[in-house]
Amino acid sequence: MKTKSVYDVDGKNVTLTNLQKVYFPKIDATKAELIEYYIRMSPFILPYLKDRPFSMLHYPDGIDGKSFYQKQRPQDAPDWLQSINLASGEKTIDWCLVNDLPSLIYMANRSCIEMHAWFSRVPDFDKPDVAIFDLDPSGNTGYQQAVEAALLVQTALEAYQLQGFPKLSGKTGVHVVVPIEPVPYEYARAFLKRICASIEAAQPALFTTERTIVKRQNRVYLDAVQNGRGKTLPAPYSVRSTPNANISVPVTWQELQSGISPDAFTMRSMDARVEAVGDLFAPVYTLRQKLPAL
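Residues numbered from 1 in each chain as written. Predicted model: local features only at pLDDT ≥ 70, side-chain atom pairs only at ≥ 80, totals over all residues. Heavy atoms only, no water.

Caption draft 1: View of the overall build of the protein. Counting its regular elements, the protein contains seven helices and 17 strands. Computed over C-alpha atoms, the radius of gyration of the protein comes to 19 Å, within 12% of the 19 Å expected from 2.2 N^0.38 for 294 residues, which places it in the range of a compact globule. Referenced to the eigenvectors of the C-alpha coordinate spread, the extents of the protein come out at roughly 60 × 40 × 40 Å. Considering the protein as a whole, with its 294 residues, one finds that 55% of them fall into the buried category. A separation threshold of at least 6 residues defines the contact pool for the protein, and within that pool the share at least 24 residues apart is 69%. Counting only carbon and sulfur atoms, one obtains 50% of the accessible surface of the protein, whose full area is about 13,100 Å². Of the side-chain charges in the protein, 32 are positive and 31 negative, and the distance between the mean point of each set is 4 Å. (Helix = DSSP H or I, 4+ residues; strand = E, 2+ residues; numbered from the N terminus. Rg over C-alpha atoms; globule rule 2.2 N^0.38 Å. Buried < 20%, exposed > 50% of the residue type's maximum accessible area, 1.4 Å probe, protein only. Contact = heavy atoms within 4.5 Å. Areas by Shrake-Rupley, 256 points an atom, 1.4 Å probe, with all protein chains shown as cover. Lys, Arg positive; Asp, Glu negative; His and termini not counted. Charge placed at Lys NZ, Arg CZ, Asp CG, Glu CD.)

Here is the structure:
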């Protein structure tokens, strides 16, 4: 059986390997299906990934095997794969940039089931253009409690006359993405922490900013600390490493309130989704909101 093929994609040679390897055993979905998904969704995911340093999360044997992160550009990467050298302590990391379809396919072929990118773009890599609330259930809490936290975040943002755009994590959490005028990470993080602290203070039995997992107990973790240089979250429309290949999908506030389920959005249902609603994240790329003074 032929296990390696080279394709011309937008004038660049892209090598694909082991396309029949099963990545999602429960639904019998292969690497080929994953790559085909990212090709179809490229008009929606590439605008977010563009110029954001990319962290590779590999699943070489599918979601039931071991996974590992890789920051450094692979030595055997094709010449056309763009990258940016950034200092990291006493060393330098050559971060990949996923700026076009060949690069997106390359990452999927490298077993990057999930697409993880920075909060900032080059050349302003120290100034994020999105501030993101990562609302993560802990203990016996779950998705519905994360939704409740997201709705409180929405109320808080409205008080500052800011718009946030909700996105399901693809697992049990919810992300609220706030497009902003680029500011230093410390400033964006301080603003997010202010809102998280106010929600925690109002309902400490339900929500927490405690970073230590065992101390969170049965509360939703309100994570603002994730907003930092070199940290990442799954991009919108990224596949997640779940049995059904769920998607980290943008939704509306009305859908959150109506109780829409994360299981409604999978690699096999997204074509109908985007055909019906388009790209709910499109405003994120043009809206630039000024954070209030701290």
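Read on, since the account is not over.
Caption draft 2: Expanded view of the pattern of salt bridges. Counted by the stated rule, this structure contains 11 salt bridges. For the salt bridge of K21 with D61, the shortest nitrogen-to-oxygen distance reads 3.8 Å. Of this pair, K21 sits in the loop between strand 2 (12–17) and strand 3 (22–24) while D61 is found in the loop between strand 5 (53–58) and strand 6 (68–70), placing the two residues 40 residues apart along the sequence. On the accessibility criterion, K21 (31% relative accessible area) is partly exposed. For R273, the salt bridge goes to E255, with nearest N and O atoms at 2.7 Å. On the criterion of sequence distance, the pair formed by R273 in helix 7 (residues 270–277) and E255 in helix 6 (residues 253–258) is long-range, its members being 18 residues apart. Looking at R273, the relative accessible area reads 10%, which means it is buried. Residues participating in the shared-partner salt-bridge network are R52, R121, D129 and R288. (Salt bridge = Lys/Arg side-chain N within 4 Å of Asp/Glu carboxyl O.)

Caption draft 3: The state of the cysteines, seen in detail. Tallied over the full model, the rule gives zero disulfides. Not part of a disulfide, C112 finds its nearest cysteine sulfur in C96, a span of 8.6 Å. (Disulfide = S-S within 2.5 Å.)

Caption draft 4: Highlighting the pairing of strand 9 (residues 114–117). Residue alternation in strand 9 divides its side chains into two sets, E114 and H116 and M115 and A117, and both sets are buried. Bridge analysis of strand 5 against strand 9 gives four bridges, and the strand direction is antiparallel. Within the sheet, the bridge partner assigned to L57 lies in strand 9 and is E114. Pairing between strand 9 and strand 15 (residues 233–234): two bridges, direction antiparallel. Looking at strand 15, one finds that H116 is bridged to P234. (Pairing = 2+ DSSP bridges.)

Caption draft 5: Representation of the environment of Q72. With respect to the helices, strands and loops of the structure, Q72 is situated in the loop between strand 6 and strand 7 (83–88). C-alpha separation for the pair Q72 and N227, spaced 155 residues apart in sequence, amounts to 21 Å. Reaching out from Q72, the side chain makes a polar contact with the backbone nitrogen of D94 at a distance of 3.4 Å. (Polar contact = N/O pair within 3.5 Å; in protein donor to acceptor, adjacent residues only side chain to side chain.)

Caption draft 6: Summary view of the side chain of D94. Structurally, the position occupied by D94 is in strand 8 (residues 91–97). This buried residue, D94, is left without a salt bridge; R73 holds the nearest opposite charge, at 4.4 Å. At 2.9 Å, the side chain of D94 forms a polar contact with the side chain of S83. Ignoring any residue separated from it by four or fewer positions in sequence, one finds D94 in contact with K71, Q72, R73, S83, I84 and N85.

What is shown is where atoms sit, not what they do.
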